[in-house]
Amino acid sequence: MLTFTALGPFQAWTDGSPLDLGGQRQRAVLARLLVAGGRAVPVNTLIDELWPGNPPAQALSTIQGYVSRLRRALEPGRAPREEAEVLVSAPPGYALRAGTGQVDAWRFESLVKSDGPPAQVWADMETALGLWRGPALAEFADLSWAVTEASRLEELRLIAVERRADAGLALGRATSLVADLEAHAAEHPLREEAWRLLAVALYRMGRQGDALAALRRARAVWRDELGLDLTAGLKRLEADMLAQRLEEPPPSAPPSAPAEAPAAASGGVLHVLVADDQALVRAGVKAMIASDPGVRLAGEAANGEEAIAGVRATRPDVVLLDIQMPHLDGLAAARRILAGEDPPKVVMMTTFGSDENLYAALRAGVSGFLLKTAPPEQFLAAIRAAAAGDALIDPAMTTRLISAFAGRTDPSSPPALAGLSDARLDVLKLVARGLTNRQIGQTLALPEEEVGAMVKSLLEHLGLFDRAQLVMTAYESGLVTPGEKAHFSSL
């Protein structure tokens, strides 16, 4: 099945395998047609929007060449004179023909606008938010149409976050929502709905003083930023809280974790796929897994292609992946696995491994490394830590790699850390030092849940999807340097 993803790195896929869409401007043609939502885009518009103010003399023939190559990539089996069915001619231009389920951005928008009882809204918003793998259309940020569409999609994402929270409150899940709502209100302090939801969640937990304090914070921010008082709706909410006449939550609906929460968080069994070209290594790892009732073998693979197929077939929680394998090496396989929808955590297994490969794996977002000679208890601990969202990176290895590749630039690296608060920078420094959320909380005197919310907020702010990438960002941005002792503004 042909699918397209724009909520993160822009890509087209056939049955889960990425297609070669060519260079940046050729990819931009397809992205612009996707943004049009199936409507035709005139050729003149494509020219004006791809080369703002300065189109080349041969712009028309260049666009035609792009379209021809994209058609071959999208429909490789189409006969030379057969009509295209995906990227079609629609005078005076072209259009993208695809179903809502084939385009993540289209499916996302449909889900955000869906309606129903709270349980259905919760499920739809969970699915919608799960489609995001990073900032939308970020690689086309120099083109105004892409910036406009990315802003529109981001607004819909915030609405989805708030609709999910509203449904969760109706289902009696205030306790599990507060940390996320705190981060949401801090990140978007001018959104009325963010403060309303946070205040209601706190009130429903019996924290009336904290709920009123949240509204006071909103009032202070709005007065400083806008010169305005609270809206009439928030003033009514404040009055209702003071009079204790706010509607109570349903008593019969206990809090519940999101459907996709890792098995480690819920006490369930973790499913692991093992990929290594050496049967002896696979046998040893399988024996380790069999010794622990909380871990189960999901499958095994002898090369990267088999690993990718195994992930699709078994949907494991964690993949143990040899970094060097025939046919398709572990690094290439990891990139493809992590680029998929709702990917598992990936931990690389290595005998020694080159610094170049280990560095590239960190940038790709793997959750860390294991030496094949590590003891069984370290393998099992690594599986659980990865499933829980921790990065398994030896600080000595990390600092060695960063030292070796210091000064390297990467076009896909996140923007500078400007705009992050001191508290969030402190958390990022400690993540880079290899500390878990619990250890960070102990260091900074913060609840573990609040640290988790701040880590999640950092990932969203920087357009990353894995804790290991936060480690790389901290080093590459200069926030943390090899051998440096950490200093924290809140200590």
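Structure: see above.
Residues numbered from 1 in each chain as written. Predicted model: local features only at pLDDT ≥ 70, side-chain atom pairs only at ≥ 80, totals over all residues. Heavy atoms only, no water.

Things to note about the overall build of the chain
Regarding its fold elements, the chain presents 21 helices and eleven strands. Counting only carbon and sulfur atoms, one obtains 53% of the accessible surface of the chain, whose full area is about 22700 Å². (Helix = DSSP H or I, 4+ residues; strand = E, 2+ residues; numbered from the N terminus. Areas by Shrake-Rupley, 256 points an atom, 1.4 Å probe, with all protein chains shown as cover.)

Side note on the nonpolar core
Within soluble globular proteins, side chains that are nonpolar tend to cluster in buried spots. Ranked by size, the top nonpolar core spans 82 residues in total, and within it F4, F10, L30, I63, L74, F108 and M241 carry the most contacts. Element by element, the count of residues in this core is highest for helix α8 (residues 192-204), at nine residues. Membership of the second largest hydrophobic core comes to 20 residues, among which are M288, I289, L380 and A387. (Core = buried A, V, L, I, M, F, W, Y, C linked by side-chain atoms within 4.5 Å. Buried < 20%, exposed > 50% of the residue type's maximum accessible area, 1.4 Å probe, protein only.)

Things to note about the pairing of strand β8 (residues 295-301)
As judged from the six bridges shared by strand β7 (residues 270-275) and β8, these two strands associate in the parallel manner. From the neighbouring strand, V272 faces β8, where its bridge partner is L297. Taking the sense of rotation as the criterion, the β-α-β connection linking β7, helix α12 (residues 279-290) and β8 turns out right-handed. (Pairing = 2+ DSSP bridges. Right-handed = clockwise from strand over helix to strand, strands pointing away.)

Re α8
The terminal C-alpha atoms of α8, which comprises 13 residues, lie 18 Å apart, in line with the 18 Å expected from a rise of 1.5 Å per residue. Three or more residues of α8 are buried, namely A194, W195, L197, L198, A199, V200, A201, L202 and Y203. Residues of α8 that are buried make contact with α6 (144-170), α7 (174-187), α9 (208-226) and α10 (232-242). In the stretch just after α8, G206 is the one whose phi turns positive, near 85 degrees. (Expected span 1.5 Å × (residues − 1). Contact = heavy atoms within 4.5 Å.)

Some thoughts on helix α4 (residues 104-112)
Taken across its nine residues, α4 has seven buried, putting it largely inside the fold. Here α4 has its buried residues at D104, A105, W106, F108, E109, L111 and V112. Residues of α4 that are buried sit in contact with β1 (2-5), α1 (24-35), β6 (93-96), α5 (118-130) and α6.

With respect to the pattern of salt bridges
Where side chains of opposite charge bring their charged atoms close, a pairing between them can arise. For the coordinates displayed, the defined rule picks out 22 salt bridges. Across the pair E162 and R191 runs a salt bridge whose closest N-O atoms are separated by 2.7 Å. Within this pair, whereas E162 is found in helix α6, its partner R191 is found in the loop between α7 and α8, the two being separated by 29 residues in sequence. Neither residue differs from the other here; E162 and R191 are each classed as buried. Between E182 and R217 there is a salt bridge whose closest N-O contact spans 3.2 Å. One end of the pair, E182, is in helix α7; the other, R217, is in helix α9, with 35 residues separating them in the sequence. Given the relative accessible area of 25%, E182 is considered partly exposed. What emerges from the salt-bridge pattern is a single network uniting R219, R223, D229, K235 and E238. (Salt bridge = Lys/Arg side-chain N within 4 Å of Asp/Glu carboxyl O.)

A word on the packing of aromatic side chains
Tallied over the entire structure, the rule returns three aromatic pairs. Note on F10 and F140: the rings are 5.8 Å apart at their centroids and 70 degrees apart in plane angle, and the pair reads as edge-to-face. Pair noted here: F10 is in the loop between β1 and β2 (11-14) and F140 is in the loop between α5 and α6, with a separation of 130 residues, a long-range link. Owing to a relative accessible area of 0%, F140 belongs among the buried residues under this scheme. Relative to W132, the ring of F108 lies with its centre 5.5 Å away and its plane at 80 degrees, an arrangement referred to as edge-to-face. Placement of the pair is F108 in helix α4 and W132 in the loop between α5 and α6, with a sequence separation of 24 residues. In textbook terms, an aromatic cluster arises when at least three aromatic residues are bridged by ring pairs, as seen for F10, F140 and W145. Stacked on the ring of W132, the Lys or Arg R157 has its end atom at 6.0 Å from the ring centre. Positioned above the aromatic ring of W122 is the side chain of R173, whose terminal nitrogen or guanidinium carbon lies 4.5 Å from the ring centre. (Phe/Tyr/Trp six-rings, centres within 6.5 Å; stacked < 30°, edge-to-face > 60°. Lys NZ or Arg CZ within 6 Å of the ring centre and 35° of its normal.)

Some words on the environment of A218
In this structure, A218 sits in helix α9. Among the residues examined, A218 registers a relative accessible area of 0% and is labelled buried. Through-space distance from the C-alpha of A218 to that of R191 is 9.2 Å; in sequence the pair is 27 residues apart. Look past the residues within four positions of A218 in its chain and what remains in contact with it is W195 and L230.

Some details on the packing of helix α2 (residues 43-50) against helix α3 (residues 59-74)
Closest axis-to-axis distance for the α2/α3 pair is 10 Å, and the angle between their directions is 100 degrees. By the angle between their axes, α2 is roughly perpendicular relative to α3. Along its contact with α2, which presents V43, L46, I47 and L50, the element α3 presents A59, L60 and I63. Class assignment for the residues of the contact of α2 with α3 results in seven nonpolar, no polar and no charged. (Axes fitted to C-alpha atoms, helices over the stretch in contact; angles between N-to-C directions. Parallel < 35°, antiparallel > 145°, perpendicular 65-115°, else oblique. Nonpolar A, V, L, I, M, F, W, Y, C, P; charged D, E, K, R; others polar.)

Re the sheet that holds β8
Here we have five strands laid out as an open sheet, ordered β8-β7-β9-β10-β11, and parallel in their pairing. Each edge of the open sheet is held by one strand with a lone partner, namely β8 and β11 (369-371). For this sheet, the mean inter-axis angle between neighbouring strands, taken without regard to orientation, is 25 degrees. Where strand β9 (residues 318-322) and strand β10 (residues 345-350) come together, five bridges link them in parallel fashion. Across the sheet, the residue bridging to V319 is V346, located in β10. With respect to the sheet, helix α14 (residues 330-338) is in contact with β9 and β10, its orientation differing from that of β10 by roughly 175 degrees. Along the sheet face, helix α16 (residues 376-387) touches β7, β8, β9, β10 and β11 and points at about 125 degrees away from the line of β9.

Treat this as a map of the structure, not an account of what it does.
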